[in-house]
Amino acid sequence: FVDGKRAYVHTRVLREGSVIERRRREASSAPLEVCEVPEGIRSEVAVLYEDDHVLVLCKPAGVETVAKNGWHMERVAAHYSQQTHVAGAIARPRAAHRLDRPVGGVCCLAKTRDALAAVGKEFAERRCSKTYYALAAGKMELGAMVVDAPLKKKGTGAPLPAVTEVEALAHTHSTAHGSVTLVRLRPRTGYFHQLRLHLAGLGHPILGDKQHGRGGFFGNKAAFERSQAQAAAAGVG
């Protein structure tokens, strides 16, 4: 605030004698009605944990974590979060990390600025353990393996390290794919779309992955292996 009025970046010119204040909320906004959340989303959202600092929700697949429009998890959280009376409270919960739109799972949202910084740091420094389950096309050999395959986006420089623990747990028959495999995935690094790219590179794309599935570059196992050879030649990995 400047001279008692809220100030935004590049909107106020300071003059001699201006008084600058930093104000912190003492409470979050009251929760909105849960019934306002679309039924298709509401039926799949669950509160897994909540205290004065964080709210942990089960995010449905198909819902963005954060978006400019429509129903996303930050908007949904405003209908589930209980009001908190803590200094530095945020008006509405904010996502401390992101899950891709097609992914359903645990979504942690912060209710205070301190919590947003602290939880965000835990994810940024990879001190949080992440486990994902997915169905992969085809019949993978049961057991555990580590995929250490550097990845890069098209048009960028050297590939970046990307490591995923993959464990094939069970098979089942599929009319469309012959067989599908239930896999447990634990990423050691956080490359964009890493899990989808690594499984597609092995020739077993995640079911429903249209972007990196069998039709794309990473759905071609031979092309994937060539890309890894190029990455190794570049000294990455």
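Note that the coordinates shown come from a computational prediction; the quantities given were computed from them, not determined experimentally.

Draft legend 1. Quick peek at the overall build of the chain. In terms of helices and strands, the chain carries five helices and eight strands. When the helices and strands of the chain are read in sequence order from the N terminus, they spell out α-β-β-α-β-β-α-β-β-β-β-α-α. By residue count, 38% of the 237 residues in the chain fall in the buried class. In the chain, 57% of the contacts between residues at least 6 apart in sequence involve partners at least 24 apart.

Draft legend 2. Representation of the confidence of the model for the chain within the structure. Per-residue confidence for the chain averages 83 on the pLDDT scale, and 82% of its residues sit at or above 70. Here residues 215–237 scores under 50 on pLDDT; set against residues more than four positions off or in separate chains, the count is 31 contacts.

Draft legend 3. Fine view of helix α3 (residues 113–124). With 12 residues, α3 ought to run about 16 Å at 1.5 Å a step, and its terminal C-alpha atoms sit 16 Å apart, in line with that. Three or more residues of α3 are buried, namely A115, L116, V119 and F123. In a view along the axis of α3, the buried residues occupy a sector of 100 degrees, so they form one face of it. Residues of α3 that are exposed and point more than 90 degrees away from the buried face comprise D114, A117 and A124. The inward-facing, buried residues of α3 abut β2 (54–59), β3 (89–95) and β4 (105–112). Trailing α3 by a residue or two, R126 shows a phi angle of about 55 degrees, which is positive.

Draft legend 4. Quick look at the side chain of S179. When you line up the elements, S179 lands in strand β8 (residues 178–187). The exposure class of S179 is buried, given its relative accessible area of 18%.

Draft legend 5. Layout of the environment of S18. Structurally, the position occupied by S18 is in the segment before α1 (39–42). Through-space distance from the C-alpha of S18 to that of D3 is 6.0 Å; in sequence the pair is 15 residues apart. When near neighbours in sequence (up to four residues on either side) are disregarded, S18 contacts V2 and D3.

Draft legend 6. Quick look at the pattern of salt bridges. This model, assessed by the stated rule, comprises seven salt bridges. Ionic pairing is found between D100 and R196, a salt bridge with its closest N-O pair at 3.6 Å. Within this pair, whereas D100 is found in the loop between β3 and β4, its partner R196 is found in helix α4 (residues 194–201), the two being separated by 96 residues in sequence. Residue R127 pairs with E125 through a salt bridge whose shortest N-O separation is 2.2 Å.

Draft legend 7. How the structure looks around the sheet that holds strand β1 (residues 46–50). Ordered by their spatial adjacency, four strands build an open sheet running β1-β2-β4-β3, and the pairing between neighbours is antiparallel. On the outer flanks of this sheet lie β1 and β3, each paired with one strand and no other. Pairwise comparison of adjacent strand axes, ignoring direction, gives a mean angle of 25 degrees for this sheet. Pairing between β2 and β4: six bridges, direction antiparallel.

Draft legend 8. Layout of the sheet that holds strand β5 (residues 132–137). Taken together, four strands build an open sheet; the order of strands is β5-β8-β7-β6 and the sheet is antiparallel. Taken across any chain shown, the strands that pair with only one partner, and hence form the sheet edges, are β5 and β6 (143–148). Strand-to-strand twist across the sheet, computed as the mean angle between neighbouring axes with direction ignored, equals 35 degrees. α4 contacts β5, β6, β7 (163–174) and β8 of the sheet and is inclined by roughly 60 degrees relative to β7.

Draft legend 9. A nonpolar patch on the surface, seen in detail. On the surface, Y133, L135, L169, L182 and L207 cluster together into a nonpolar patch covering about 400 Å² of accessible area. Structurally, Y133 can be placed in strand β5.

How each quantity is defined
- Residues numbered from 1 in each chain as written.
- Predicted model: local features only at pLDDT ≥ 70, side-chain atom pairs only at ≥ 80, totals over all residues.
- Heavy atoms only, no water.
- Helix = DSSP H or I, 4+ residues; strand = E, 2+ residues; numbered from the N terminus.
- Buried < 20%, exposed > 50% of the residue type's maximum accessible area, 1.4 Å probe, protein only.
- Contact = heavy atoms within 4.5 Å.
- pLDDT = per-residue confidence, 0-100.
- Expected span 1.5 Å × (residues − 1).
- Arc of directions from axis to C-beta.
- Salt bridge = Lys/Arg side-chain N within 4 Å of Asp/Glu carboxyl O.
- Pairing = 2+ DSSP bridges.
- Axes fitted to C-alpha atoms, helices over the stretch in contact; angles between N-to-C directions.
- Patch = residues over 30% accessible without salt bridge, like charges linked within 9 Å, V, L, I, M, F, W, Y side chains within 5 Å.
- Areas by Shrake-Rupley, 256 points an atom, 1.4 Å probe, with all protein chains shown as cover.

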